[in-house]
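# Fold and contact review
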Amino acid sequence: MDQKKRQQIEHNLEIIAKKEGISAEEVKTEIGRAISYALKSNDPDIQKFWKNIPCAGETPTVEEIIAYLAEQLSKPNA
């Protein structure tokens, strides 16, 4: 992931944190918990979704998931 994209994600996490009255790190931790829970699903469709997310490690990071979802949401419906 390029530095510009990473900075934009961090900026957006800070915006969310400010609105929620918590730190950006707490926002990231909560998103990470939700991801961890979702990754444990036995549903084959959900597992397929997670496997489609490009990541550098075994599981995608919060930043990788946010970047992937933002990219998918910005695509026009075909």
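Because the structure is a prediction, the values reported are computed rather than measured. (Residues numbered from 1 in each chain as written. Predicted model: local features only at pLDDT ≥ 70, side-chain atom pairs only at ≥ 80, totals over all residues. Heavy atoms only, no water.)

## So, the packing of aromatic side chains
Under the convention used in this document: Any pair of Phe, Tyr and Trp rings, taking the six-membered ring for Trp, is counted once the centres come within 6.5 Å. Such a pair is stacked with planes under 30 degrees apart, edge-to-face with planes over 60 apart, and tilted for the rest. We call a residue buried when its accessible area falls under 20% of the maximum for its residue type, exposed when it is over 50%, and partly exposed in between, using a 1.4 Å probe and counting protein chains only.
What the rule picks out here adds up to two aromatic pairs. With centroids separated by 5.3 Å and ring planes inclined at 75 degrees, the aromatic side chains of Phe49 and Trp50 adopt a geometry described as edge-to-face. For Phe49, a relative accessible area of 33% corresponds to the partly exposed category. An aromatic cluster is defined as three or more aromatic residues linked by ring pairs; in this entry it consists of Phe49, Trp50 and Tyr68.

## What to know about the confidence of the model for the protein chain
We apply this condition: Within a predicted model, pLDDT stands for the predictor's per-residue confidence, ranging from 0 to 100. A run of DSSP states H or I qualifies as a helix once it reaches four residues; a run of E qualifies as a strand once it reaches two. Both are numbered from the N-terminal end.
In the predicted model, the protein chain carries a mean pLDDT of 92, and 99% of its residues have values of at least 70. Of all helices and strands in the protein chain, the one with the weakest mean pLDDT is helix H3 (residues 44–51) (91), whereas helix H1 (residues 3–20) scores best (95).

## Observations concerning the nonpolar core
Generally speaking, soluble globular proteins have nonpolar side chains that are buried together. How we decide: Residues enter a nonpolar core if they are buried and are Ala, Val, Leu, Ile, Met, Phe, Trp, Tyr or Cys, with the set joined through side-chain atoms within 4.5 Å. Throughout, a contact is declared for two residues whenever any of their heavy atoms are within 4.5 Å.
Counting residues in hydrophobic clusters, the biggest one holds six residues: Ile35, Trp50, Ile53, Val62, Ile65 and Tyr68. Looking at this core element by element, the count peaks at three residues for helix H4 (residues 62–74). Residue contacts for Ile53: discarding those within four places in its chain leaves Pro60, Glu64, Ile65 and Tyr68. Core analysis: the next-biggest nonpolar cluster, separate from the first, contains five residues, Ile9, Ala17, Val27 and Ala67 among them.

## A word on a nonpolar patch on the surface
This is how the line gets drawn: Patches were defined on residues exceeding 30% relative accessible area and lacking a salt bridge, with like-charge contacts within 9 Å and nonpolar side-chain contacts (Val, Leu, Ile, Met, Phe, Trp, Tyr) within 5 Å. Shrake-Rupley sampling with a 1.4 Å probe provides the accessible areas, and residues are treated as covered by the protein chains on show and by no other component. Every case where a carboxyl oxygen of Asp or Glu lies within 4 Å of a side-chain nitrogen of Lys or Arg is listed as a salt bridge.
Where nonpolar side chains cluster on the molecular surface, the patch consists of Phe49, Leu69 and Leu73 and spans about 300 Å² of accessible area. Looking at where Leu73 falls in the secondary structure, it is placed in helix H4. Exposure remark for Leu73: the relative accessible area of 74% places this residue in the exposed category.

## Concerning H1
Note the cut-off: One less than the number of residues in a helix, times 1.5 Å, gives the span that helix is expected to have. To be clear, the arc concerns the directions from the helix axis to the C-beta atoms. We define a polar contact as two N or O atoms separated by no more than 3.5 Å, with the added condition that, inside protein, one atom must be a possible hydrogen donor and the other a possible acceptor, whereas residues neighbouring each other in sequence contribute only through side-chain atom pairs.
Across its 18 residues, H1 extends 26 Å between first and last C-alpha, which sits within 8% of the 26 Å expected from 1.5 Å per residue. Restricting attention to buried positions, one finds in H1 the residues Ile9, Leu13 and Ala17. The arc that holds every buried residue of H1, seen down its axis, measures 80 degrees, which confines them to one face. Relative to its buried face, H1 has exposed residues pointing more than 90 degrees away, namely Lys4, Lys18 and Lys19. The distance from a side-chain oxygen at the start of H1 to the backbone nitrogen of Lys4 is 3.2 Å, and the residue carrying that oxygen is Asp2.

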